[in-house]
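# Tertiary structure, described
Each chain is listed here by its residues.
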Protein chains: 2
Amino acid sequence: MKSKKSETTQMCAVDYAFKRIGGKYKGMILWYLHSKTVLRYGELSRTVPNITTKMLTQTLRELEEDQLINRKMFHEVPPKVEYSLSEKGRELIPFIEYLHNWGKKQLEIELLKNKS
Amino acid sequence: MKSKKSETTQMCAVDYAFKRIGGKYKGMILWYLHSKTVLRYGELSRTVPNITTKMLTQTLRELEEDQLINRKMFHEVPPKVEYSLSEKGRELIPFIEYLHNWGKKQLEIELLKNKS
DNA sequence: CGGAATCCCAGAAGATACTG
DNA sequence: CAGTATCTTCTGGGATTCCG
(Lines give C-alpha, C1' and ligand atoms only; values in the text may rest on other atoms or scores of the structure.)
Protein backbone atom coordinates (compact mmCIF):
# COMPACT_ATOMS: atom_id res chain seq x y z
CA MET A 1 0.00 0.00 0.00
CA LYS A 2 1.73 3.07 -1.20
CA SER A 3 0.78 6.46 0.07
CA LYS A 4 1.15 9.74 -1.76
CA LYS A 5 1.47 11.48 1.53
CA SER A 6 4.49 9.97 3.14
CA GLU A 7 7.80 10.81 1.58
CA THR A 8 11.31 10.10 2.66
CA THR A 9 11.46 13.38 4.55
CA GLN A 10 10.52 13.12 8.17
CA MET A 11 6.95 14.15 8.68
CA CYS A 12 6.39 17.51 10.27
CA ALA A 13 2.87 18.24 11.43
CA VAL A 14 2.91 21.85 10.26
CA ASP A 15 4.14 20.75 6.88
CA TYR A 16 1.52 18.03 6.71
CA ALA A 17 -1.27 20.48 7.49
CA PHE A 18 -0.07 23.02 4.96
CA LYS A 19 -0.13 20.40 2.27
CA ARG A 20 -3.83 19.77 2.88
CA ILE A 21 -4.88 23.38 2.71
CA GLY A 22 -2.12 24.93 0.64
CA GLY A 23 -2.34 25.72 -3.02
CA LYS A 24 -4.04 28.66 -4.57
CA TYR A 25 -7.68 27.94 -3.83
CA LYS A 26 -8.13 25.45 -1.00
CA GLY A 27 -8.29 27.99 1.79
CA MET A 28 -10.75 30.16 -0.06
CA ILE A 29 -13.01 27.26 -0.96
CA LEU A 30 -13.13 26.02 2.61
CA TRP A 31 -13.89 29.53 3.72
CA TYR A 32 -16.72 30.01 1.26
CA LEU A 33 -18.17 26.62 2.11
CA HIS A 34 -18.14 27.60 5.72
CA SER A 35 -19.94 30.89 5.26
CA LYS A 36 -22.52 29.46 2.87
CA THR A 37 -22.88 25.97 4.34
CA VAL A 38 -23.61 24.34 1.00
CA LEU A 39 -22.63 25.32 -2.52
CA ARG A 40 -23.16 23.88 -5.95
CA TYR A 41 -20.37 23.51 -8.44
CA GLY A 42 -21.59 26.43 -10.52
CA GLU A 43 -21.94 28.65 -7.48
CA LEU A 44 -18.38 27.91 -6.43
CA SER A 45 -17.15 28.60 -9.92
CA ARG A 46 -18.80 32.01 -9.81
CA THR A 47 -17.71 32.73 -6.26
CA VAL A 48 -14.02 31.90 -6.43
CA PRO A 49 -12.43 34.73 -8.43
CA ASN A 50 -11.12 33.65 -11.84
CA ILE A 51 -10.93 29.97 -11.13
CA THR A 52 -11.05 27.68 -14.15
CA THR A 53 -13.17 24.56 -14.23
CA LYS A 54 -10.04 22.49 -14.31
CA MET A 55 -8.65 23.96 -11.12
CA LEU A 56 -12.01 23.97 -9.41
CA THR A 57 -12.61 20.30 -10.14
CA GLN A 58 -9.08 19.34 -9.24
CA THR A 59 -9.13 21.26 -5.98
CA LEU A 60 -12.50 19.86 -4.98
CA ARG A 61 -11.30 16.34 -5.70
CA GLU A 62 -8.27 16.79 -3.49
CA LEU A 63 -10.31 18.22 -0.66
CA GLU A 64 -12.68 15.31 -1.01
CA GLU A 65 -9.87 12.76 -0.97
CA ASP A 66 -8.56 14.30 2.21
CA GLN A 67 -12.11 14.15 3.51
CA LEU A 68 -12.34 17.81 4.24
CA ILE A 69 -15.49 18.24 2.20
CA ASN A 70 -18.52 16.17 1.23
CA ARG A 71 -19.74 15.74 -2.28
CA LYS A 72 -23.39 14.95 -2.87
CA MET A 73 -24.64 14.13 -6.35
CA PHE A 74 -28.24 14.37 -7.41
CA HIS A 75 -28.97 12.21 -10.41
CA GLU A 76 -31.30 14.57 -12.10
CA VAL A 77 -31.52 16.36 -15.39
CA PRO A 78 -29.90 18.79 -15.35
CA PRO A 79 -27.33 17.30 -12.95
CA LYS A 80 -26.74 18.85 -9.57
CA VAL A 81 -23.85 18.49 -7.19
CA GLU A 82 -23.58 19.99 -3.76
CA TYR A 83 -20.44 20.53 -1.75
CA SER A 84 -20.25 21.07 1.97
CA LEU A 85 -17.74 20.90 4.78
CA SER A 86 -17.17 17.58 6.48
CA GLU A 87 -16.63 17.27 10.20
CA LYS A 88 -12.90 17.06 9.64
CA GLY A 89 -13.00 20.08 7.39
CA ARG A 90 -14.98 22.01 9.93
CA GLU A 91 -12.16 21.51 12.40
CA LEU A 92 -10.08 23.78 10.23
CA ILE A 93 -12.51 26.65 10.31
CA PRO A 94 -11.33 28.27 13.54
CA PHE A 95 -7.91 28.59 12.04
CA ILE A 96 -9.09 29.84 8.69
CA GLU A 97 -11.29 32.31 10.46
CA TYR A 98 -8.34 33.49 12.51
CA LEU A 99 -6.32 33.80 9.35
CA HIS A 100 -9.11 35.71 7.66
CA ASN A 101 -9.32 38.24 10.45
CA TRP A 102 -5.58 38.65 10.54
CA GLY A 103 -5.47 39.19 6.79
CA LYS A 104 -8.29 41.71 6.94
CA LYS A 105 -6.49 43.67 9.60
CA GLN A 106 -3.23 43.69 7.65
CA LEU A 107 -5.01 44.78 4.50
CA GLU A 108 -6.52 47.70 6.35
CA ILE A 109 -3.18 48.71 7.77
CA GLU A 110 -1.60 48.63 4.34
CA LEU A 111 -4.43 50.67 2.96
CA LEU A 112 -3.84 53.39 5.53
CA LYS A 113 -0.14 53.45 4.80
CA ASN A 114 -0.68 53.83 1.09
CA LYS A 115 -2.92 56.82 1.65
CA SER A 116 -0.37 58.77 3.58
CA MET B 1 4.05 53.51 -5.93
CA LYS B 2 3.63 50.04 -7.24
CA SER B 3 2.93 47.19 -4.94
CA LYS B 4 3.76 43.56 -5.54
CA LYS B 5 0.87 42.60 -3.36
CA SER B 6 -2.14 44.11 -5.02
CA GLU B 7 -3.17 42.63 -8.30
CA THR B 8 -6.16 43.23 -10.45
CA THR B 9 -8.07 40.48 -8.69
CA GLN B 10 -10.20 41.63 -5.84
CA MET B 11 -8.42 41.16 -2.58
CA CYS B 12 -9.67 38.38 -0.40
CA ALA B 13 -8.39 38.34 3.15
CA VAL B 14 -7.93 34.60 3.26
CA ASP B 15 -6.02 34.71 0.01
CA TYR B 16 -3.90 37.58 1.27
CA ALA B 17 -3.01 35.74 4.44
CA PHE B 18 -2.14 32.56 2.60
CA LYS B 19 0.25 34.47 0.43
CA ARG B 20 2.19 35.64 3.50
CA ILE B 21 2.55 32.26 5.09
CA GLY B 22 2.13 29.90 2.15
CA GLY B 23 4.92 28.27 0.23
CA LYS B 24 6.87 25.27 1.29
CA TYR B 25 8.79 26.61 4.26
CA LYS B 26 7.22 29.73 5.75
CA GLY B 27 4.96 27.95 8.18
CA MET B 28 7.73 25.69 9.39
CA ILE B 29 10.19 28.53 9.83
CA LEU B 30 7.73 30.59 11.82
CA TRP B 31 7.00 27.53 13.89
CA TYR B 32 10.66 26.80 14.61
CA LEU B 33 11.35 30.43 15.42
CA HIS B 34 8.52 30.33 17.88
CA SER B 35 9.70 27.26 19.72
CA LYS B 36 13.34 28.34 19.80
CA THR B 37 12.85 32.10 20.15
CA VAL B 38 15.99 32.97 18.22
CA LEU B 39 17.88 31.09 15.55
CA ARG B 40 20.94 31.74 13.45
CA TYR B 41 21.03 31.20 9.73
CA GLY B 42 23.06 28.04 10.04
CA GLU B 43 20.80 26.65 12.73
CA LEU B 44 17.76 27.20 10.56
CA SER B 45 19.47 25.58 7.65
CA ARG B 46 20.10 22.51 9.76
CA THR B 47 16.66 22.53 11.33
CA VAL B 48 14.44 22.85 8.28
CA PRO B 49 14.59 19.48 6.54
CA ASN B 50 16.40 19.57 3.19
CA ILE B 51 16.12 23.30 2.61
CA THR B 52 18.69 24.80 0.25
CA THR B 53 20.49 28.04 1.00
CA LYS B 54 18.67 29.66 -1.86
CA MET B 55 15.24 28.85 -0.51
CA LEU B 56 16.20 29.62 3.04
CA THR B 57 17.53 33.03 2.14
CA GLN B 58 14.63 33.80 -0.14
CA THR B 59 12.05 32.71 2.40
CA LEU B 60 13.67 34.67 5.19
CA ARG B 61 13.78 37.76 2.98
CA GLU B 62 10.11 37.52 2.22
CA LEU B 63 9.18 37.03 5.84
CA GLU B 64 11.32 40.02 6.68
CA GLU B 65 9.72 42.17 3.98
CA ASP B 66 6.32 41.30 5.37
CA GLN B 67 7.71 42.15 8.78
CA LEU B 68 6.90 38.81 10.29
CA ILE B 69 10.45 38.26 11.48
CA ASN B 70 13.39 40.37 12.66
CA ARG B 71 16.86 40.07 11.27
CA LYS B 72 19.76 41.09 13.44
CA MET B 73 23.26 41.22 12.03
CA PHE B 74 26.40 41.11 14.10
CA HIS B 75 29.36 42.60 12.30
CA GLU B 76 31.91 40.18 13.53
CA VAL B 77 34.31 37.72 12.05
CA PRO B 78 32.95 35.19 11.42
CA PRO B 79 29.64 36.89 10.66
CA LYS B 80 26.58 36.10 12.69
CA VAL B 81 22.93 36.72 11.93
CA GLU B 82 20.02 36.04 14.22
CA TYR B 83 16.40 35.65 13.25
CA SER B 84 13.43 36.01 15.56
CA LEU B 85 9.70 36.54 15.40
CA SER B 86 8.40 40.11 15.24
CA GLU B 87 5.31 41.23 17.06
CA LYS B 88 3.32 40.89 13.89
CA GLY B 89 4.74 37.44 13.29
CA ARG B 90 3.93 36.40 16.81
CA GLU B 91 0.29 37.17 16.11
CA LEU B 92 0.33 34.22 13.76
CA ILE B 93 1.54 31.70 16.29
CA PRO B 94 -1.78 30.76 17.89
CA PHE B 95 -3.12 29.68 14.58
CA ILE B 96 0.01 27.87 13.47
CA GLU B 97 -0.13 26.07 16.76
CA TYR B 98 -3.71 25.11 16.06
CA LEU B 99 -2.70 23.87 12.65
CA HIS B 100 0.20 21.97 14.14
CA ASN B 101 -2.03 20.17 16.58
CA TRP B 102 -4.55 19.38 13.90
CA GLY B 103 -1.83 17.99 11.66
CA LYS B 104 -0.42 15.89 14.46
CA LYS B 105 -3.79 14.41 15.19
CA GLN B 106 -4.41 13.57 11.54
CA LEU B 107 -1.00 11.98 11.23
CA GLU B 108 -1.74 9.76 14.19
CA ILE B 109 -5.09 8.75 12.77
CA GLU B 110 -3.50 7.85 9.45
CA LEU B 111 -0.84 5.86 11.24
CA LEU B 112 -3.45 3.77 13.00
CA LYS B 113 -5.29 3.12 9.77
CA ASN B 114 -2.15 1.93 8.01
CA LYS B 115 -1.45 -0.55 10.77
CA SER B 116 -4.77 -2.29 10.47
C1' DC C 1 29.54 32.04 8.44
C1' DG C 2 25.91 33.68 5.83
C1' DG C 3 24.85 34.31 2.04
C1' DA C 4 24.51 35.63 -3.73
C1' DA C 5 24.32 34.18 -8.61
C1' DT C 6 23.11 30.90 -12.26
C1' DC C 7 21.04 27.48 -14.48
C1' DC C 8 17.38 24.22 -14.73
C1' DC C 9 13.13 21.58 -14.20
C1' DA C 10 8.75 19.45 -12.25
C1' DG C 11 4.73 20.51 -11.18
C1' DA C 12 1.12 24.10 -10.52
C1' DA C 13 -1.85 26.69 -12.88
C1' DG C 14 -4.12 28.84 -17.29
C1' DA C 15 -6.60 28.51 -21.99
C1' DT C 16 -9.49 26.29 -24.82
C1' DA C 17 -12.50 22.88 -26.56
C1' DC C 18 -15.63 19.23 -25.88
C1' DT C 19 -19.33 15.94 -23.38
C1' DG C 20 -22.99 12.94 -20.68
C1' DC D 1 -24.98 21.67 -15.19
C1' DA D 2 -20.97 19.73 -13.94
C1' DG D 3 -17.58 18.36 -15.35
C1' DT D 4 -13.10 15.97 -18.98
C1' DA D 5 -9.31 16.26 -21.91
C1' DT D 6 -5.29 18.54 -23.96
C1' DC D 7 -2.11 21.68 -24.58
C1' DT D 8 0.62 25.48 -23.09
C1' DT D 9 2.63 28.60 -19.85
C1' DC D 10 4.60 29.99 -15.75
C1' DT D 11 7.06 29.85 -11.47
C1' DG D 12 8.39 27.82 -7.09
C1' DG D 13 11.86 25.32 -5.87
C1' DG D 14 16.32 22.34 -6.60
C1' DA D 15 21.45 21.84 -7.70
C1' DT D 16 25.60 23.81 -8.00
C1' DT D 17 29.20 27.13 -7.67
C1' DC D 18 31.18 31.19 -5.93
C1' DC D 19 31.96 35.37 -2.57
C1' DG D 20 33.10 38.97 1.43
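Please read these numbers as outputs of a predicted model, since none were measured by experiment.

Quick notes on the rules
- Residues numbered from 1 in each chain as written.
- Chains lettered and ligands numbered in written order.
- Predicted model: local features only at pLDDT ≥ 70, side-chain atom pairs only at ≥ 80, totals over all residues.
- Heavy atoms only, no water.
- Near = heavy atom within 4 Å.
- Polar contact = N/O pair within 3.5 Å; in protein donor to acceptor, adjacent residues only side chain to side chain.
- Helix = DSSP H or I, 4+ residues; strand = E, 2+ residues; numbered from the N terminus.
- Nonpolar A, V, L, I, M, F, W, Y, C, P; charged D, E, K, R; others polar.
- Core = buried A, V, L, I, M, F, W, Y, C linked by side-chain atoms within 4.5 Å.
- Buried < 20%, exposed > 50% of the residue type's maximum accessible area, 1.4 Å probe, protein only.
- Contact = heavy atoms within 4.5 Å.
- Buried area = accessible area lost by both parts, 1.4 Å probe.
- Salt bridge = Lys/Arg side-chain N within 4 Å of Asp/Glu carboxyl O.
- UniProt positions renumbered as here; feature names shortened; annotations may be inferred.
- Pairing = 2+ DSSP bridges.

## As for the protein's contact with DNA strand C
Lining the immediate surroundings of DNA strand C are 19 residues, of which K24 and K54 of chain A together with R40, T57 and R71 of chain B lie closest. Within 4 Å of the protein, the contacting atoms of DNA strand C are 69% sugar and phosphate, with bases supplying the remainder. Interatomic distance of 2.9 Å between a side-chain N/O atom of Y25 of chain A and a phosphate oxygen of DNA strand C. A distance of 3.3 Å separates a phosphate oxygen of DNA strand C from a polar atom in the side chain of R61 of chain B. Among the elements of the structure, α4 (53-65) of chain A together with α3 (41-47), α4 (53-65) and β3 (80-85) of chain B are those that each provide at least two residues to the surface near DNA strand C. If you tally residues by element for the surface near DNA strand C, the top one is α4 of chain B, at four residues. A breakdown of the residues in the surface near DNA strand C according to their chemical character gives eight nonpolar, four polar and seven charged.

## Thoughts on the nonpolar core
One finds I29, L30 and F95 of chain A together with I29 and L30 of chain B to be the most contacted residues of the largest nonpolar core, which totals 62 residues. Not counting residues up to four positions away in its chain, the partners in contact with I29 of chain A are L44, V48, L56, T59, L60 and L63 of chain A.

## Remarks on the interface of chain B and chain A
Accessible area lost upon the coming together of the parts is a frequently used measure of interface size. Between chain B and chain A, the contact holds 41 residues from the first and 41 residues from the second. Roughly 3,700 Å² is buried in total at the junction of chain B and chain A, and carbon and sulfur atoms are behind 73% of that figure. Ranking the residues of chain B by area buried against chain A places F18, L99 and W102 of chain B at the top, with a combined share of 18%. Viewed at the interface, chain A and chain B are joined by two salt bridges. In this structure, E91 of chain B and K105 of chain A form a salt bridge, with 3.0 Å as the shortest nitrogen-oxygen distance. Here chain B is connected to chain A by 10 residue pairs in polar contact (both at pLDDT 80 or more). The set of elements that each furnish at least two residues to the side of chain B that touches chain A consists of α1 (13-21), α2 (26-36) and α6 (93-115) of chain B. The element contributing the most residues to the side of chain B that touches chain A is α6 of chain B, with 15 residues. Looking at the side of chain B that touches chain A, its residues break down into 22 nonpolar, nine polar and 10 charged.

## Here's the deal with the UniProt feature "domain: HTH hxlR-type" (unreviewed entry) in chain A
Per the UniProt record, "domain: HTH hxlR-type" (unreviewed entry) is annotated on residues 12-111 of chain A. For residues 12-111 of chain A, helix accounts for 63% and strand for 15%, while the C-alpha atoms at its two ends are 36 Å apart.

## Section: the protein's contact with DNA strand D
Close to DNA strand D lie 19 residues, the nearest being R40, R71 and Y83 of chain A together with K24 and K54 of chain B. In the interface set of DNA strand D, defined as its atoms within 4 Å of the protein, sugar plus phosphate atoms amount to 63%. The backbone of P79 of chain A places a nitrogen or oxygen atom 3.1 Å from a sugar or linking oxygen of DNA strand D. K54 of chain B has a polar side-chain atom sitting 2.5 Å from a base oxygen of DNA strand D. Elements that contribute at least two residues to the surface near DNA strand D include exactly α3 (41-47), α4 and β3 (80-85) of chain A together with α4 of chain B.

## Section: the pairing of β3 of chain B
Residues and elements named next belong to chain B. A large share of β3 lies buried, amounting to five of its six residues. With three bridges joining them, strand β1 (residues 38-40) and β3 adopt antiparallel strand pairing. Bridge pairing links L39 to Y83 in β3. Alignment of strand β2 (residues 69-74) against β3, held across six bridges, turns out to be antiparallel. Of the residues in β3, the one forming a bridge with R71 is Y83. As consecutive antiparallel partners, β2 and β3 are separated by five residues.

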